[in-house]
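What follows is the residue order along each chain.
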Amino acid sequence: MTRLVLVSGKGGVGKSAVAAAYAFAAKRTGSRVLAVDMINAGSLGPHLGEPELSFTPRPVGDGLEALTIDRADALIEYLRVQIGVPALATIGPAARAFDALASTAPAVREVVTMGKVLWEVKKGTWDVVVADAPPTGQIGSFLRSPRSVRQLVATGRILDQVEWMDAILTDPALAQLVLVTLLEELPVVETTETQGWVLEEALVGDVTIVANRVLPALGTAVPEDDGPMVEAARLHQSLWSEQQEWATRLEIDLRLPYLFGTHTPPEVAERLADVLEEEP
Amino acid sequence: MTRALVVTGAGGVGKTTVSAALAVAASRAGLRTLVVTVDPAQRLATALGIELTNEPSPHPEEPQLWAAMLDATASWREVARRHADPEVTDRLVDNEFFVAATSHFPASQSYAAAEQAATYLDARAWDLVIVDTPPASGGIDFFTAPGQMADLVGGRLLRWLTGARIPGRRFLFNRTAKPVLRLADQVLGANLLERIAEFLMDLRTTYDGVAKRARQIERHMKSATTLVVTTSEPAAMREAVRFFRALPAVASAPAAVVFNRVLPEEWIGAEAPAMSHNNLVENLERWAAEAFRQRSARREFGERYPTAIATIPWQAHPPTDRQALAAMVESADGLPDLW
């Protein structure tokens, strides 16, 4: 049985770093892990230490492989493997034309991308599939795509595929949506909204809220003074209380620390994986 | 003449706040200023002190300031109304594929933004129009969207699928497209395909209008002043770099790159006073490490991309009123003359 972790969040909250951290944490437990850059956004690779990912899974260390979903490649594979369209019809100009046509139809493009991710879950090669998913602004059309297709398409082979896709997504034992947020106004508002409709429409089995870049408490009063030390304390105190205020608007499942100073992208992911590993 | 200032950058860097701050500063400097924002935080809207709608409205207390918000869906309907026959427009906006295509088309929000901005520039009612760009692709979309839009509605593929001429409402695919269509029939279902075709035919009738408008918009964009906002976070800077690489082809070189949320350089290597509380000493150390990381990132950027670099200090609290927004611009270092 393969578990799926979809990591989403508003742009700029560190969702790719968190996705990489989930992949690293799973790998450390001895699981066979696949990490997926779902919309070829390009920021998952650096955090895994492998800037250039391809559509074919590529090893990025022991027990961890990674791939990026290029839409044209995904469509060709989808048509061939899942729909059973012979290879000849899926190459060259015909595939490109079909791609353009399919892209105009609502949900077809998303179903192809979700189809690739869920196919990797279904085929049983991996223990865990971690997806760096589209940002919260777009995630809805991906999660809803199996259902949208079912409503839109009366006949056609694509219809046969959407049942098992929805079944995986909505099984709490199989699929988990991780919503990464910062403790600031816009990300918090977007996260609560997203969590709201995901649960209401029962789109994914389980939703986890992860607060990223959480500041530690200062642990002492800020002196009435000046100079860099006091200025730094004042800034920290006000950012911290700002975060505390926004934290009350969410039910946070997991807090990841603000990492001060210089770290390479893989270091960031490894440090966050340390925290994930301590959690049950 | 109306000048355009286009503010670009990755999501979450404070681009909308910087746009609003510049607008307050420019209007107080005596320019009739319109700021067009995209989805501002409630707190920023409150700080600006004006209700934001799709139409520019004058600020009740700042005589030279107007503000409008970008509503991508509403703008798309307006685009269709402007470029299609009334009968076709109704069919288009009610068509599920219109809704899907406009929300899927990667540059759709950017095109709507660019078209709306161009309309304000054409109105010649303001000295300065400040446009906060949608976050997708760090704002590059904003400049390339008009061309992409013209390609979408008049593209070769569409012509190929629908035949060179538009035979009214009759649906005629050309012969080379037949195998693809048979495939699409099997996979998607025939009914769906017919509905897509109908939509595409309607969309094509807008081509002349859209193509002409796209060229006008592009002229406006080429003469606009651009500003790139970023933080020193690696992800935000990757977007800024991407923008720098793509920019020369589509717009003028940025007037400056603005680093937002900058920590004081004096913190780097600063000594805590003797006998200080351990927590305070430790806190200084970690923020000094941040200040160091930020400075290295700025320097590296400056070495690779010869451009003016401006900095805005990290505000302990987000601006809560127009005074704080204006103060944000005053506290900026290295900002070139933008108006």
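Residues numbered from 1 in each chain as written. Chains lettered and ligands numbered in written order. Predicted model: local features only at pLDDT ≥ 70, side-chain atom pairs only at ≥ 80, totals over all residues.

A. Spatial organisation of the overall build of chain A. Scanning chain A from terminus to terminus reveals 11 helices and 8 strands. By the compact-globule yardstick of 19 Å for 280 residues, chain A fits well, its C-alpha radius of gyration being 21 Å. If you line up chain A on its principal axes, its C-alpha atoms span 75 × 40 × 35 Å. Within the span of chain A, comprising 280 residues, buried residues form 50% of the whole. (Helix = DSSP H or I, 4+ residues; strand = E, 2+ residues; numbered from the N terminus. Rg over C-alpha atoms; globule rule 2.2 N^0.38 Å. Buried ≥ 20, exposed ≤ 12 C-beta atoms within 10 Å, placed from the backbone.)

B. Region of the structure containing the pairing of strand E8 (residues 254-257) of chain A. Residues and elements named next belong to chain A. Sheet analysis places strand E7 (residues 206-214) next to E8, joined by 3 bridges and oriented parallel. Residue pairing in the sheet places valine 210 in a bridge with leucine 254 of E8. For the segment spanning E7, helix H10 (residues 228-247) and E8, crossover handedness is right-handed. (Pairing = 2+ DSSP bridges. Right-handed = clockwise from strand over helix to strand, strands pointing away.)

C. Just the sheet that holds strand E1 (residues 3-8) of chain B, in detail. Residues and elements named next belong to chain B. Read from one edge to the other, the open sheet built from 8 strands follows the order E3-E4-E2-E5-E1-E6-E7-E8, with strand pairing classed as mixed. Both edges of this open sheet fall to strand E3 (57-58) and strand E8 (309-313), since each of them pairs with a single strand only. Examined bridge by bridge, E1 and strand E5 (residues 128-132) share 5 bridges and lie parallel to one another. Following the sheet pairing, alanine 4 is matched in E5 by valine 129.

D. Up close: the nonpolar core. The biggest cluster of nonpolar side chains holds 93 residues, and the ones touching the most others in it are Ala21, Val36, Ala114, Ala117, Val129, Ile130 and Val258 of chain B. By size, the runner-up hydrophobic cluster in this structure holds 79 residues, among which are Leu6, Ala25, Val112 and Ala211 of chain A. (Core = buried A, V, L, I, M, F, W, Y, C linked by C-beta atoms within 7 Å.)

E. Molecular detail of the environment of aspartate 90 of chain B. As for its position among the elements, aspartate 90 of chain B is in helix H4 (residues 86-94). Judged by local crowding, aspartate 90 of chain B falls into the partly exposed class, with 14 C-beta atoms found within 10 Å.

F. Focus on the packing of helix H5 (residues 108-122) of chain A against helix H7 (residues 145-152) of chain A. Residues and elements named next belong to chain A. For the pair H5 and H7, interaxial distance at closest approach is 9 Å and the crossing angle is 135°. Our classification of the angle between H5 and H7 gives oblique. Handedness of the H5/H7 crossing: left-handed. Of the residues in H7, those touching H5 at Val108, Glu110, Val111 and Met114 are Ser145, Pro146 and Val149. Counted by class, the contact of H5 with H7 contains 5 nonpolar, 1 polar and 1 charged residues. (Axes fitted to C-alpha atoms, helices over the stretch in contact; angles between N-to-C directions. Parallel < 35°, antiparallel > 145°, perpendicular 65-115°, else oblique. Left-handed = near helix turned anticlockwise from the far one by under 90°. Contact = placed C-beta atoms within 7 Å. Nonpolar A, V, L, I, M, F, W, Y, C, P; charged D, E, K, R; others polar.)

G. Representation of the pairing of E1 of chain B within the structure. One ladder, built from 4 bridges, connects E1 of chain B with strand E6 (residues 225-230) of chain B; its direction is parallel. Residue pairing in the sheet places leucine 5 of chain B in a bridge with threonine 225 of chain B of E6 of chain B.

H. Fine view of the confidence of the model for chain B. All names here are of chain B. The share of residues in chain B with pLDDT of 70 or more is 79%, and the mean pLDDT across the chain is 82. Throughout residues 164-172 the model reports pLDDT below 50, and contacts reaching past four residues in sequence, or to other chains, amount to 10 contacts. The ipTM assigned to the predicted complex is 0.87, against a pTM of 0.88. (pLDDT = per-residue confidence, 0-100.)

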